[in-house]
Amino acid sequence: MTSIRNEGPLQQSVLVNAQIATMGPSATPYGLIEGGAVAIENNKVTWCGPLADMPQPFEPWRQRNLEGRLVTPALVDCHTHIVHAGNRAKEFEMRLNGATYEDIARAGGGIVSTVTATRAASEDELFASAAPRVEDLIAEGVCTLEIKSGYGLDFETELKMLRVARRIGAHYPIRVRTTFLGAHATPEAYKGYDDRYIDEVCIPALEAAQAEGLVDAVDGFCESIGFTPDQIKRVFSKAKDLGLPVKLHAEQLSNLGGAALAAHYNALSADHLEYLDDAGVSAMARSGTIPVLLPSAYYFLRDTQPPPIQSFRDAGLPMAIATDCNPGSSPMTSLLLAMNMACTLFRMTPEEALAGTTRNAAAALGLKDTGIIAPGFRADLAIWNAQHPAELSYGIGINCLHDRIFGGAV
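All figures in this text were calculated on a predicted structure; none of them were measured in a lab. (Residues numbered from 1 in each chain as written. Predicted model: local features only at pLDDT ≥ 70, side-chain atom pairs only at ≥ 80, totals over all residues. Heavy atoms only, no water.)

Asker: How do you make sense of the overall build of the protein chain when you look at a structure like this?
Answerer: Scanning the protein chain from terminus to terminus reveals 15 helices and 15 strands. Compactness check: the protein chain gives a C-alpha radius of gyration of 21 Å against a globular reference of 22 Å for 410 residues, within 12% of the reference. Its C-alpha atoms give the protein chain principal-axis dimensions of about 70 × 45 × 45 Å. The burial tally for the protein chain puts 58% of its 410 residues in the buried class. (Helix = DSSP H or I, 4+ residues; strand = E, 2+ residues; numbered from the N terminus. Rg over C-alpha atoms; globule rule 2.2 N^0.38 Å. Buried < 20%, exposed > 50% of the residue type's maximum accessible area, 1.4 Å probe, protein only.)

Right, here's the structure in full:
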């Protein structure tokens, strides 16, 4: 594990001489303020605007000259499976050598291999394996991270994964939101008995996770190789009874109406969405459910049908972008690369990509105090060795982070 530098809180400090992409409502692209300043007190932004307009009370505050660097809200990775054991590099090689999905499954591969490794790992081992992935994201300016369970598929391991996720949030200067994904796949012991798995494992584990304070939201995988809409309904109904918001993996491989189902439950987000139709887009627009796009999985699986970007634009739906960090379909720990992929593969604009990893990603997690630089918002900021926000999506494998401020602390 690498060392994370912590210089402490910026109490009554002002960042000056900066290009500030506030990402808030503005007639200017990116909400860009040239020659701007940001005043920070404790863990919140207290003022933001052109340096020439800075109110007199802030002038005595300690100033830090950013020498024209770019400041944005800190990045938010709103969809990850970052806690797991093992990897599936051998399967990757097998596929490239012509093996089919069935060949890999017969050899003990696929999600079964990750489940086996994750069940066998201790909490300490899971934490140690996740740590480098978390550190990669922190090093790219991420201050908020969603972490899902879903590689246990039994009572004990689902809770174990969520405990490790909470531990990551306690150990690192990063805000972690946990998501229960017991309805990710049916384990081998329940093959052919999906409903029994929901009743005997998934729902009891969700209840236990909520009782232990381990879960912030509930997710599911609604697909022909996952769970049917009716099965997801039962999980979501239990989540509603427990007072937990929901989100859904939907329309990645086919159109089962999962996004419309998610919208019916006022889901925070529906994710993937390559096969989403106009009815699903309309349902999401009515409920305010955020589309979360995962270009790395699209790239890694060599998909050819992109999500309906223009339909989202036409419906006024704000789009979020995430890494989908996972061992099977998106072994990636770079949110900056996800932004580039969203632009190159999905034809999103750099402004949409930055909104997708700041304010819209925060909305996909139900967070209202981050993702924008404005008075009253958390002082979660990224300072970049860049002059224009488009540089963040333009670079391929280029990390121009200069500093990261988390809750007012460098």
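Asker: Would you explain the nonpolar core in this entry?
Answerer: Generally speaking, a soluble globular protein has its nonpolar side chains buried in company with each other. Within the largest apolar cluster, 94 residues are counted, with the highest numbers of intra-cluster contacts made by Val-83, Ile-168 and Trp-384. Residue contributions to this core peak at nine residues, all from helix 6 (residues 194-211). Once you skip the residues sitting within four places of it in the chain, Ile-168 turns out to touch Val-83, Phe-127, Ala-130, Val-134, Ile-147, Ile-174 and Val-176. Counting residues in each nonpolar core, the second largest holds 16 residues, with Ile-33, Val-38, Ala-379 and Leu-381 among its members. (Core = buried A, V, L, I, M, F, W, Y, C linked by side-chain atoms within 4.5 Å. Contact = heavy atoms within 4.5 Å.)

Asker: Is there a simple way to explain the state of the cysteines in this structure?
Answerer: Disulfides are covalent bonds that connect the sulfur atoms of two cysteines. Scanning the entire structure with this criterion turns up zero disulfides. Summary of cysteine pairing: Cys-78 is not part of a disulfide, and the nearest cysteine sulfur, belonging to Cys-325, is at 13 Å. Among the cysteines around Cys-143, which has no disulfide bond, Cys-78 carries the closest sulfur, lying 15 Å off. (Disulfide = S-S within 2.5 Å.)

Asker: Even after reading the chapter, I still don't get the sheet that holds strand 7 (residues 142-148), so can you show me in this structure?
Answerer: Read across the sheet, eight strands follow the order 6-7-8-9-10-11-12-13 without closing on themselves; strand pairing throughout is parallel. In this open sheet, the two edge strands, each paired with only one partner strand, are strand 6 (75-77) and strand 13 (320-321). In this structure, strand 7 lies alongside strand 8 (residues 175-183), joined through five bridges in parallel fashion. Bridge pairing in strand 8 links Ile-147 to Thr-178. Helix 5 (residues 155-171) contacts strand 7 and strand 8 of the sheet and is inclined by roughly 170° relative to strand 8. Contacts from helix 12 (residues 335-346) reach strand 6, strand 7, strand 12 (290-293) and strand 13, with the element oriented near 80° to strand 6. (Pairing = 2+ DSSP bridges. Axes fitted to C-alpha atoms, helices over the stretch in contact; angles between N-to-C directions.)

Asker: Looking at this structure, how should I read the UniProt feature "binding site: N-formimidoyl-L-glutamate" (unreviewed entry) in the protein chain?
Answerer: Residues given the UniProt feature "binding site: N-formimidoyl-L-glutamate" (unreviewed entry) here are Tyr-151, Asn-326 and Gly-328. In sequence the annotated residues extend across 178 residues, while in space they remain close, none of their C-alpha pairs exceeding 11.1 Å. Within the secondary structure layout, Tyr-151 lies in the loop between strand 7 and helix 5. In this structure, Gly-328 sits in the loop between strand 13 and helix 12. For Gly-328, the residues in contact, after removing those within four places along its chain, are Arg-88, Arg-95 and Phe-300. (UniProt positions renumbered as here; feature names shortened; annotations may be inferred.)

Asker: Is there a simple way to think about the packing of aromatic side chains in this case?
Answerer: To describe a pair of aromatic rings, one takes the distance between the centres and the angle between the planes. Following the criterion strictly, the structure yields eight aromatic pairs and no others. Between the aromatic rings of Phe-92 and Phe-300, the centroid separation amounts to 5.2 Å while the plane-to-plane angle is 25°, which identifies the pairing as stacked. Within this pair, whereas Phe-92 is found in helix 1 (residues 89-96), its partner Phe-300 is found in helix 10 (residues 295-300), the two being separated by 208 residues in sequence. Residue classification places Phe-92 among the partly exposed residues on the basis of a relative accessible area of 35%. Among the aromatic side chains, those forming a connected cluster through ring pairs are Trp-47, Phe-58 and Trp-61. Sitting over the face of the ring of Phe-127, Arg-167 holds its NZ or CZ atom 4.4 Å from the ring centroid. One residue, Arg-196, lies across the ring of Tyr-193, its end atom 5.4 Å from the ring centre. (Phe/Tyr/Trp six-rings, centres within 6.5 Å; stacked < 30°, edge-to-face > 60°. Lys NZ or Arg CZ within 6 Å of the ring centre and 35° of its normal.)

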